[in-house]
Amino acid sequence: MQNSRKEPLKLVRMLKLPGNPEEHRQVTFLELDDNAPFAVRRVYWIHSLSAGEVRGNHAHRSMQQLLIAVNGSFRVTLDDGKDNREFTLSSPFQALWVPAGLWRHILTLADQSTLLVLASTHFDEADYIRDYPAFLAYTNAVVPSADV
Ligand code: TYD
């Protein structure tokens, strides 16, 4: 657990979701016990997005998420305060697992995009860090800056 708080960027995973093998009856699914890396407590969707629209720009202290582009596409940048990784979400067969403690910047790449989010906690504004300097202070407090 301590490791996951120290290096959340290393835990990030792009999951391939199962679907109906009959190609003419498209459906993708996620069996919560088998395919989700955490217990899902909340589902929400960010919709009616236009190309160029930015969402996120915050971090969560303890909430984990799975992000799924059910329609359209997104570029998701995840930042641990030192490094960052970019992911393109462009298929409903993909789910990006975002552990806690990462700043996320979500750029919408196509009009009418919809991002489905499966979250590990109920909504709690106190779990958000919405100010980037405050996020850096938080990561420096959680992550020792050097092994000395
Ligand atoms: P926020 O998570 O900041 O949106 P995004 O990351 O997509 O830009 O949420 C936007 C607003 O909606 C904010 O005021 C909090 C509120 N909100 C809820 O009340 N409940 C929820 O489950 C979510 C996701 C947001």
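Please refer to the structure placed before this passage.
Residues numbered from 1 in each chain as written. Predicted model: local features only at pLDDT ≥ 70, side-chain atom pairs only at ≥ 80, totals over all residues. Heavy atoms only, no water.

Draft legend 1. Representation of unusual backbone geometry. Non-glycine residue Ser 48 carries a positive phi angle of around 55 degrees. By the element assignment, Ser 48 lies in strand S2 (residues 42-49). Using a relative accessible area of 55% as the deciding quantity, one classes Ser 48 as exposed. Although it is not a glycine, Gln 112 adopts a positive phi angle of roughly 60 degrees. When you line up the elements, Gln 112 lands in the loop between strand S8 (103-108) and strand S9 (113-119). (Helix = DSSP H or I, 4+ residues; strand = E, 2+ residues; numbered from the N terminus. Buried < 20%, exposed > 50% of the residue type's maximum accessible area, 1.4 Å probe, protein only.)

Draft legend 2. Quick peek at the site of the ligand. Around the ligand lies a shell formed by Arg 42, Tyr 44, Ile 46, Arg 55, Gly 56, His 58, Phe 123, Tyr 128 and Arg 130. Between the ligand and Tyr 128 there is a distance of 2.6 Å, counted from an oxygen atom to a side-chain nitrogen or oxygen. Listing elements by their share of the shell around the ligand, those giving two or more residues are S2 and strand S3 (54-60). Along the lines of polarity and charge, the residues of the shell around the ligand split into four nonpolar, two polar and three charged. (Near = heavy atom within 4 Å. Polar contact = N/O pair within 3.5 Å; in protein donor to acceptor, adjacent residues only side chain to side chain. Nonpolar A, V, L, I, M, F, W, Y, C, P; charged D, E, K, R; others polar.)

Draft legend 3. Main features of the pairing of S8. With four bridges joining them, S3 and S8 adopt antiparallel strand pairing. Bridge pairing in S8 places Val 54 opposite Leu 107. Note that strand S5 (residues 74-79) and S8 share six bridges and pair antiparallel. Residue pairing for S8: Asp 79 is matched across the bridge by Trp 103. (Pairing = 2+ DSSP bridges.)

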